[in-house]
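# Commentary on secondary and tertiary structure
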Amino acid sequence: MNVKETILYSVVIASIGLSNIYARRSVDDAIRNPDEVKIVMIGAGYVGLVTGACFAAKQYAVTVVEKDQRKINALHNRQIPFYEPDLVDLVDAGFRRGSLKFSDNIASALASAPHFIFLCVGTPPLPDGSADLTFVRQAAQEIGANLQEYAIVITKSTVPVGSADMVKAEIQNQLTLRNTDILFDVASNPEFLKEGEAVKDFFEPDRVVIGAGSEQVHTLMSALYRPFVKTNNQLICMNIPSAELTKYAANAMLATRISFMNQMALLADKVGADVEAVRAGIASDTRIGPEFLKAGIGYGGSCFPKDVTALADMGRQHDQPMTLIEAVDAVNLAQREYFIKRIFDHYNGNVAGKTIGILGLAFKPNTDDIRCAPSIDVMKALIAAGALVVAYDPVARENMQRMFEQEGIKGQYCFVNAAIEILHDADAVIILTQWDEFKRLPAQAFASLRDKVVFDGRNIFDPISMTSAGLTYITIGRNMPR
Ligand code: UGA
């Protein structure tokens, strides 16, 4: 670039910067009065609905856009398509107050000139483990095709590093096709919502991560989230790639802790140690802390399995092997096989004709989500081997039943409405989700099992109480000799 070109280039960049600053002023003005802040959430899935309802609770005017008309109809009748404590009441309150609206029409939602547009569409895993960005791309194109005024477009969906650039390019392409020069900014604002505690996590976040390319966008996004944090230190601003990577790093770190403890548990079984004692021994070190160190049958759900493989894939794309992350995934899959093998070993490889009760189907308590749940693999292995499987879960039973029907699973199995129906007529019980109602069962509740054996994939009982009640109690990492 020669001197003349450099000066011209600087002038163009400066004028774009100035016009963006001017455009952002509309958002800056609105943010001073919560009810003037207009937000569009694209996607009424888990993240879009929770985020939209929580923003609406702080008086922001929120429109959740969803293509699926059935979902919209259900939401208008306050029916939430999944189980999440507190969400129904929150949606109902927002709806009554008028701060929460649902629409199947992105054009009319964007015609209201929202200040913030959140992308909350799904990013399911592709067969090679990478994240499928089809819905993100489509949503970005629709934003570009319908944007009327300056807005900040934020990716909240979990997307690989570089996705915000893709979103920006897709929007810009559409604006160019429309021959319009509407300004916009992009940002990344990953979610850290645990299923079952999502509303609480949103209202009381440990932190809010904001990735943006300019200080003004950081400031506007920080102002949006200010009602949700106690101190400004909880608003962590960074560039966009850092925010995108932070999401994967957080889930991968938590998954790593779980796989670490699961492998420790297998060694504990071999050397006569108790993994719970080891956990207490390390968790008391403030550098380590107690969270996400519970050994069990492995992590499931719609996030950890998908995000761990997507991170490994991201490493491959950038020629940076993520060997640790690949091992985390491998350990997690092996954990299920280990537990299934223990069940079969107990019966010398033959479970045919046995009635096996399953307590817990959801991938964790307080959710009806069965995606990547260990219960699926355990049940399928037992059914394929000729066992009669009788399963119960307080809220996930219907989802599992539907999935089994859709997959046309052949064999002997049924779903019952109460744990007691299993305890009174089974040879053995397998615990796969640590629901409180199971934790409250006394050891004597298992006394009528014909084979007097409990396989506990979540280590919820005291081994001494269980063995003292005459039961064989098979755990993950607590099978030390007594
Ligand atoms: C996870 C993260 O915790 C959230 O911060 C994140 O926003 C979310 O993924 C997401 O990416 O959307 P979630 O999948 O709802 O949330 O569930 P977790 O509570 O994290 O549990 C994940 C799995 O780990 C469950 O199968 C659970 O049983 C297992 N787990 C958890 C253990 O095996 N041991 C533990 O000590 C803790």
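All figures in this text were calculated on a predicted structure; none of them were measured in a lab. (Residues numbered from 1 in each chain as written. Predicted model: local features only at pLDDT ≥ 70, side-chain atom pairs only at ≥ 80, totals over all residues. Heavy atoms only, no water.)

Bringing the overall build of the protein chain into the picture now. Within the protein chain, the regular secondary structure consists of 18 helices and 14 strands. In summary, the protein chain has a C-alpha radius of gyration of 25 Å against a globular reference of 23 Å for 482 residues, a match within 12%. Seen through its principal axes, the protein chain has C-alpha atoms that stretch 85 × 50 × 40 Å. Burial status across the protein chain gives 52% buried among its 482 residues. Of the contacts made within the protein chain by residues no fewer than 6 positions apart, 74% connect residues no fewer than 24 positions apart. Counting every atom, the protein chain has about 21800 Å² of accessible surface; 54% of that belongs to carbon and sulfur. (Helix = DSSP H or I, 4+ residues; strand = E, 2+ residues; numbered from the N terminus. Rg over C-alpha atoms; globule rule 2.2 N^0.38 Å. Buried < 20%, exposed > 50% of the residue type's maximum accessible area, 1.4 Å probe, protein only. Contact = heavy atoms within 4.5 Å. Areas by Shrake-Rupley, 256 points an atom, 1.4 Å probe, with all protein chains shown as cover.)

Ranked by internal contacts, the top residues of the largest apolar core, which has 64 residues, are I358, L359, L382, I430 and F446. Residue contributions to this core peak at 5 residues, all from helix α14 (residues 374–384). Sequence-distant contacts of I358, that is, excluding residues within four places in its chain, are made with V378, M379, L382, V389, V390, A391, Y392, I422, I430 and L432. Formed by 50 residues, the second largest nonpolar core is a distinct cluster that contains A53, F116, F118 and C120. (Core = buried A, V, L, I, M, F, W, Y, C linked by side-chain atoms within 4.5 Å.)

Below, the discussion takes up the sheet that holds strand β9 (residues 355–359). In spatial order, the strands read β11-β10-β9-β12-β13-β14; together these 6 strands make up an open sheet with parallel pairing. Taken across any chain shown, the strands that pair with only one partner, and hence form the sheet edges, are β11 (413–415) and β14 (472–474). Geometrically, the sheet is characterised by an average inter-axis angle of 20 degrees between neighbouring strands, direction not taken into account. Here helix α13 (residues 323–346) sits on the sheet in contact with β12 (428–431), β13 (453–456) and β14, set at roughly 170 degrees to β13. Helix α15 (residues 397–407) contacts β10 (388–392) and β11 of the sheet and is inclined by roughly 145 degrees relative to β11. (Pairing = 2+ DSSP bridges. Axes fitted to C-alpha atoms, helices over the stretch in contact; angles between N-to-C directions.)

To continue, consider helix α2 (residues 46–57). The terminal C-alpha atoms of α2, which comprises 12 residues, lie 17 Å apart, in line with the 16 Å expected from a rise of 1.5 Å per residue. Burial runs high along α2: 11 of the 12 residues are buried. Directly after α2, the chain includes Q59, whose backbone phi takes a positive value near 75 degrees. (Expected span 1.5 Å × (residues − 1).)

Positioned with a positive phi, D86 is a non-glycine residue whose angle comes to about 75 degrees. Along the chain, D86 turns up in the loop between α3 (69–76) and α4 (87–97). A residue is classified by how much of its surface remains accessible, and D86, at 54% relative accessible area, is exposed.

For the structure shown, the criterion picks out 25 salt bridges. In this structure, R70 and D68 form a salt bridge, with 3.7 Å as the shortest nitrogen-oxygen distance. Two residues, D307 and K306, come together in a salt bridge whose shortest N-O distance is 3.2 Å. Per residue, the accessibility class of D307 equals that of K306, and both read buried. Taken together, the salt bridges that share partners define one network made up of R78, D92 and R96. (Salt bridge = Lys/Arg side-chain N within 4 Å of Asp/Glu carboxyl O.)

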